[in-house]
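Chains, contacts and geometry: an overview
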Amino acid sequence: MLKLVPFAVLLLGCEDFQNPSNLPKHQVIAMQANPASIAPGDMTNVNVVVAGPTGIEQPTSISWELVPVVQGTPTIGSIIERPDGTVDYQAPATIDEEPTVAAVEATVTTATGTLNAVKFVGISSLGQISNPTITSVLADGVDVTAGWSYTPGKTSELEITTANPLTDDAAFAWYTSAGEISLYQSNPTEILLPEQSVQGRLIIVLRDGQGGITWDEIEMTPN
């Protein structure tokens, strides 16, 4: 099966020692092609997810371009920007080698600066490969996908369930604007909820290790 690097992640500056799960500043937390992999001549929708201290936010602007997968090699395919703001990647009708990948770069402008991220799109005659699906987000075994009424000061276990079994290559990233998640790359994991009664957001990003990615955002309300 075609395996791809999910996307390029911006490194935190060495002077910033805050827990990344607390979203101390704007980050590109996900970049998705839907479907994750396509056949020659097919199209896939590409989008980017930016989050900050208040949760997932709409960027001020996004620009798109194809970039070489390896420095000095040509780009392949094309980017189609549509009037409604959606963006598609169009694979070439034929490819020299199979499987191959194309690289789509997003330059994102936020209220606090500019971010860059790259999504690698797999192209193969095997056809489309879907992104994973999160079926539920659990807090202490209770499904909170529709919203979480949390108890301030408590430590709760977090876990996601998925439509299909995940392999050992799957990766997880938890983010929150209310509380602390020390093991933010684990599933299950734990969150130490704030002592104060504050509104917040909980975000989970799942990468299946095959180029697929998905995410969910949960509203947190103190009870």
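Quantities reported herein were computed from a predicted structural model and do not represent experimental measurements.

With that settled, the discussion passes to the nonpolar core. Among the nonpolar cores identified, the biggest contains 21 residues, and Met 31, Val 48, Trp 64, Tyr 89, Val 104 and Ile 123 are the most heavily contacted of them. Broken down by secondary-structure element, the contributors of at least two residues to this core are strand S1 (27-34), strand S3 (43-52), strand S5 (61-67), strand S7 (87-90), strand S8 (100-110) and strand S9 (113-123). Once you skip the residues sitting within four places of it in the chain, Trp 64 turns out to touch Met 31, Val 46, Asn 47, Val 48, Ile 79, Glu 81, Val 87, Val 104, Glu 105 and Ala 106.

A separate point is the sheet that holds S5. A sheet is described by the order of its strands in space; here four strands give the open sequence S2-S9-S8-S5, paired in mixed fashion. Two strands lie at the open edges of the sheet, namely strand S2 (37-38) and S5, each paired on one side alone. Taken together, the seven bridges between S5 and S8 define a ladder with antiparallel strand orientation. Across the sheet, residue Ser 63 finds its bridge partner in S8, namely Thr 107.

This part takes up the sheet that holds strand S11 (residues 142-143). Overall, antiparallel pairing links the four strands, which are arranged S11-S10-S13-S15 in an open sheet. A strand with exactly one partner marks an edge of an open sheet, and here the two such strands are S11 and strand S15 (189-192).

A separate point is the side chain of Asn 131. When you line up the elements, Asn 131 lands in the loop between S9 and strand S10 (134-139). Of the polar contacts made by the side chain of Asn 131, one reaches the side chain of Asn 34; its length is 3.2 Å. In this structure the side chain of Asn 131 is engaged in a polar contact, spanning 2.9 Å, whose partner is the backbone nitrogen of Ile 213.

For Phe 172, the position within the fold is in strand S14 (residues 171-176). When the C-alpha positions of Phe 172 and Asn 34 are compared, they lie 19 Å apart, and in sequence the two are 138 residues distant. Sequence-distant contacts of Phe 172, defined by excluding residues within four places in its chain, comprise Ile 160, Leu 166, Tyr 184, Gln 185, Ser 186, Asn 187, Ile 204, Val 205 and Leu 206.

On inspection of all chains with the given rule, the structure shows three salt bridges. Arg 82 is the partner of Asp 88 in a salt bridge, and the nearest nitrogen-oxygen pair spans 2.7 Å. Judged by its relative accessible area of 33%, Arg 82 is partly exposed.

Here we take up the layout of surface pockets. Approximately 340 Å³ is the volume attributed to the second largest pocket. Here the residues of the lining of the second largest pocket sort into 10 nonpolar, four polar and two charged.

Let's shift gears to the pairing of S1. For S1, the buried fraction is high: seven of the eight residues fall into the buried class. Two elements, S1 and S3, share seven bridges in a ladder whose sense is antiparallel. Of the residues in S3, the one forming a bridge with Gln 27 is Ala 51.

Below, the discussion takes up the side chain of Lys 119. Considering the arrangement of structural elements, one finds Lys 119 in strand S9. Although Lys 119 lies buried, it forms no salt bridge, and the closest oppositely charged side chain, Asp 208, sits 7.5 Å away as judged by the N-O distance. Looking at Lys 119, its side chain comes within polar contact range of the main-chain oxygen of Gly 211, at 2.8 Å.

The subject of this paragraph is the confidence of the model for the protein. Parts of the prediction with low pLDDT should not have their coordinates interpreted in detail. Mean pLDDT over the protein stands at 91; residues scoring 70 or higher make up 92%. Overall, residues 1-16 carries pLDDT values under 50, and its contacts beyond four positions in sequence, including any with other chains, amount to 38 contacts.

This brings us to the pairing of S15. Across the two faces of S15 the burial differs, with Thr 189 and Ile 191 buried and Glu 190 and Leu 192 not buried at all. The sheet contact formed by strand S13 (residues 155-162) and S15 spans four bridges and is antiparallel. When the sheet's bridge partners are listed, Thr 155 is paired in S15 with Leu 192.

Before going further, it helps to spend a moment on unusual backbone geometry. At the junction of Asn 34 and Pro 35, the peptide bond is cis and its omega measures out at 5° in the coordinates. Within the element layout of this structure, Pro 35 appears in the loop between S1 and S2. With an omega of 5°, the peptide bond running from Asn 187 to Pro 188 counts as cis. In the Ramachandran plot, Leu 23 falls in the positive-phi region, its phi being about 50° despite a non-glycine side chain. The class for Leu 23 is buried, based on a relative accessible area of 1%. Of note in this structure, Asp 140 is not a glycine but carries a positive phi near 55°. With respect to the helices and strands, the residue Asp 140 is situated in the loop between S10 and S11.

What counts and how
Residue numbers here run from 1 along each chain, matching the order of that chain's written sequence. Thresholds applied to this predicted model are a pLDDT of at least 70 for local features of residues and 80 or more for the giving and counting of side-chain atom pairs; totals over whole chains, interfaces and linings are not thresholded and use all residues. Side-chain measures here rest on the full set of heavy atoms in the structure, leaving out hydrogens and waters. For the purposes of this section, nonpolar cores are sets of buried Ala, Val, Leu, Ile, Met, Phe, Trp, Tyr and Cys residues that join through side-chain atoms within 4.5 Å. Relative accessibility under 20% of the residue-type maximum defines a buried residue, over 50% an exposed one, and the middle range a partly exposed one, all with a 1.4 Å probe and only protein chains included. Numbering of helices and strands runs from the N terminus, with a helix taken as a DSSP run of H or I at least four residues long and a strand as a DSSP run of E at least two residues long. Contact criterion: two residues are considered in contact whenever any of their non-hydrogen atoms come within 4.5 Å of each other. Here the rule is simple: two strands pair whenever DSSP picks up at least two bridges between them. In protein, a polar contact requires one atom able to donate a hydrogen and another able to accept it; more generally it is a pair of N or O atoms within 3.5 Å, and residues adjacent in sequence count only if both atoms are side-chain atoms. When a carboxyl oxygen of Asp or Glu is within 4 Å of a side-chain nitrogen of Lys or Arg, the pair counts as a salt bridge. A pocket, in this scheme, is an open set of points on a 1 Å grid over the protein atoms alone with protein on both sides within 12 Å along at least 5 of 7 lines, while a cavity is a set where a 1.4 Å probe fits but cannot get out; residues line either one if an atom lies within 4 Å of a point. Grid points are joined across faces, edges and corners, and a volume is the space filled by probe spheres set on the points. In the scheme used here, Gly and all other residues not listed as nonpolar or charged are polar, with Ala, Val, Leu, Ile, Met, Phe, Trp, Tyr, Cys and Pro taken as nonpolar and Asp, Glu, Lys and Arg as charged. Charge assignment in this entry is limited to Lys and Arg as positive and Asp and Glu as negative, and neither His nor the chain termini are counted. The score called pLDDT rates the predictor's confidence residue by residue, from a low of 0 to a high of 100.

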